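Chain residues, written in single-letter form:
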Amino acid sequence: MGCLSLWETLDSFKQHDVQELCRVLLDDVEKMMRGTCVEGTIPRLFRGKTVSYIQCKDVEYRSERREDYYDIQLSIKGKNNIMESFVDYVAVEQLVGDNKYDAEEHGLQDAEKGVKFLTLPPVLHLQLMRFTYDSQTGQNVKINDRFEFPEQLQLDEFLQDPDPMDPAHYVLHAVLAHSGNNEGGHYVVYLNPEGDGRWCKFDDDVVSRCTKEEAIEQNYGGPEDDLFLHHSTNAYMLVYIRESQLSEYPTSVTDPEMSTCSPQCHGVL
């Protein structure tokens with residue numbers, strides 16, 4: 001990966017948000033894959049699709065916009081767990097009263113506004129929105145509230161058209177934890193490489209085995225023994241892999257596969 005130009009030289013010495021890093025990294029890798037035997041791998045692994053809609057209640061009028069996404073940002077403020085955040089994500093907003101929808105030739109109409117998932121990708125990136133703007137202080141603050149996430153995640157209910165032959169069941173693959181506050185901190189990654197519950201901890205250049213409790217439960221956040229203190233170390237990004245494709249991702253690249261790629265492809269792999 002040494003050939004990737006993620007940022008300019010000065011930017012590379014600054015601390016960046018992990019979601020920003022992930023997006024820039026995937027974009028750079030996808031560009032390098034163009035014209036090689038692995039072109040299209042990034043969208044095939046990480047891209048999902050949503051549809052945002054406005055549906056009028058009293059007339060036959062509907063507006064839709066379909067979009068691709070590579071990660072999902074989940075609100076955690078006032079939520080106990082991931083399922084509550086997904087429910088909030090697809091919650092239907094009522095456009096009524098002074099907030100009626102202008103439905104072109106139909107004029108102002110009562111309507112419903114929402115978003116639905118059309119597809120969920122094989123590798124699902126979930127960013128937990130632990131940083132928010134505090135209007136009283138005029139600064140971003142970190143939310144250290146307890147927020148639970150499961151080892152097994154079932155998301156069929158959030159798909160517009162669930163596929164019974166390929167249910168949207170996911171297994172937790174990685175937990176990226178942040179220690180610190182809005183001004184800076186330290187990232188540690190917990191990885192479940194085979195999806196079998198055997199976890200590893202990546203802390204800078206130190207890699208060690210760890211327990212499932214250390215990787216999951218200890219990164220929920222929330223109050224310490226003292227009710228006035230909160231854990232400043234908690235999960236910030238989660239990676240889930242679709243259960244039906246665990247045998248495919250992650251996978252090693254064999255020498256014969258490497259030999260069919262161009263020299264540029266070698267640099268990516």
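Chains are numbered independently. Their residues run from 1 in the order of the written sequence. Reporting in this predicted model follows two pLDDT cut-offs: at least 70 for local features of residues, and 80 or more for side-chain atom pairs to be given and counted; totals over whole chains, interfaces and linings ignore these cut-offs and use all residues. Based on all heavy atoms of the structure, the side-chain values leave hydrogens and waters out of the count.

Visitor: Is there a simple way to explain the packing of aromatic side chains in this structure?
Guide: The geometry of an aromatic ring pair comes down to the distance between the two centres and the angle between the two planes. When two rings of Phe, Tyr or Trp (its six-membered ring) have centres within 6.5 Å they constitute a pair, described as stacked for plane angles under 30 degrees, edge-to-face for angles over 60, and tilted for the intermediate range. Under the criterion given, the structure shown has eight aromatic pairs. For the ring pair Y69 and F117, a centre distance of 5.8 Å and an interplane angle of 75° mean the geometry is edge-to-face. Separated by 48 residues along the polypeptide, Y69 in strand β2 (residues 62-69) and F117 in strand β7 (residues 111-119) bring together distant segments of the chain. Summary of the burial criterion: residues with accessible area below 20% of their type's maximum are buried, those above 50% are exposed, and those between are partly exposed, where the area comes from a 1.4 Å probe applied to protein chains only. Of the residues examined, F117 reaches a relative accessible area of 1% and is grouped as buried. Counting every residue linked through ring pairs, the aromatic cluster contains Y69, F86, Y89, F117 and F158. We call a charge positioned above a ring when the Lys NZ or Arg CZ atom is no farther than 6 Å from the ring centre and deviates by at most 35 degrees from the ring normal. Its guanidinium or amino end placed over the ring of Y53, K116 lies 5.6 Å from that ring's centre, counting from NZ or CZ. By definition, any uninterrupted DSSP run of H or I lasting at least four residues is a helix, any uninterrupted run of E lasting at least two residues is a strand, and each is numbered from the N terminus.

Visitor: Hey, could you run me through helix α1 (residues 18-33) in this one?
Guide: One full turn of an α-helix is made of 3.6 residues, so residues set three or four places apart face in the same direction. Here α1 contains 16 residues, and its C-alpha end-to-end distance of 22 Å stays within 8% of the 22 Å for a straight helix at 1.5 Å per residue. All buried positions along α1 are accounted for by V18, Q19, C22, L26, D28, V29, M32 and M33. One or two residues past the end of α1 sits G35, with phi positive at roughly 80°. The length a helix should cover is 1.5 Å for every residue beyond the first.

Visitor: Is there a simple way to explain the pattern of salt bridges in this structure?
Guide: Pairs can form between side chains of opposite charge once their charged atoms are near each other. One speaks of a salt bridge when a side-chain nitrogen belonging to Lys or Arg is within 4 Å of a carboxyl oxygen belonging to Asp or Glu. Counting across every chain of the model gives 11 salt bridges. Linking R62 and E64 is a salt bridge whose minimum nitrogen-to-oxygen distance equals 2.7 Å. Looking at R62, the relative accessible area reads 36%, which means it is partly exposed. K77 serves as the salt-bridge partner of D145, at 3.8 Å between the closest nitrogen and oxygen. One end of the pair, D145, is in the loop between β10 (139-142) and β11 (152-154); the other, K77, is in the loop between β3 (72-75) and α3 (82-89), with 68 residues separating them in the sequence. Accessibility expressed as a relative area gives 29% for D145, which makes it partly exposed.

Visitor: Got a minute to help me understand the nonpolar core in this structure?
Guide: Residues belong to a common nonpolar core when they are buried Ala, Val, Leu, Ile, Met, Phe, Trp, Tyr or Cys residues joined through side-chain atoms within 4.5 Å. Ranked by internal contacts, the top residues of the largest apolar core, which has 34 residues, are L120, L126, F149, L238 and Y240. Residue contacts are defined here by distance: any two heavy atoms, one from each residue, within 4.5 Å place the two residues in contact. Not counting residues within four places of it along the chain, the set of residues in contact with L238 comprises I82, L124, H125, L126, L128, F149, L172, A174 and V175. Membership of the second largest hydrophobic core comes to 12 residues, among which are M33, V38, L45 and V239.

Visitor: Honestly, the pairing of strand β13 (residues 184-191) in this entry has me stumped. Any pointers?
Guide: Consecutive residues of a regular strand have side chains that alternate between opposite faces of the sheet. We call two strands paired when DSSP finds no fewer than two bridges between them. Inspection of the sheet shows strand β12 (residues 169-181) paired to β13 by eight bridges, in the antiparallel sense. Opposite V175, over in β13, you have Y190 as the bridge partner. From the end of β12 to the start of β13, which pair antiparallel, there are two residues. Bridge analysis of β13 against strand β14 (residues 199-203) gives three bridges, and the strand direction is antiparallel. Bridging from a neighbouring strand, L191 pairs with C200 of β14.

Visitor: What exactly am I supposed to notice about the sheet that holds β7 here?
Guide: Backbone hydrogen bonds hold the strands of a sheet together, and the pairing may be parallel or antiparallel. Pairing in this open sheet of four strands is antiparallel, and the strands run β2-β1-β7-β4 from one edge to the other. Each edge of the open sheet is held by one strand with a lone partner, namely β2 and β4 (93-95). Neighbour-to-neighbour, the strand axes of the sheet open up by a mean angle of 25°, direction not taken into account. Bridge analysis of strand β1 (residues 48-56) against β7 gives eight bridges, and the strand direction is antiparallel. Each residue of the ladder has a partner; that of S52, found in β7, is V115. Orientation is described by lines fitted to C-alpha atoms, with helices fitted over the stretch in contact, and by angles between N-to-C directions that extend from 0 to 180 degrees.

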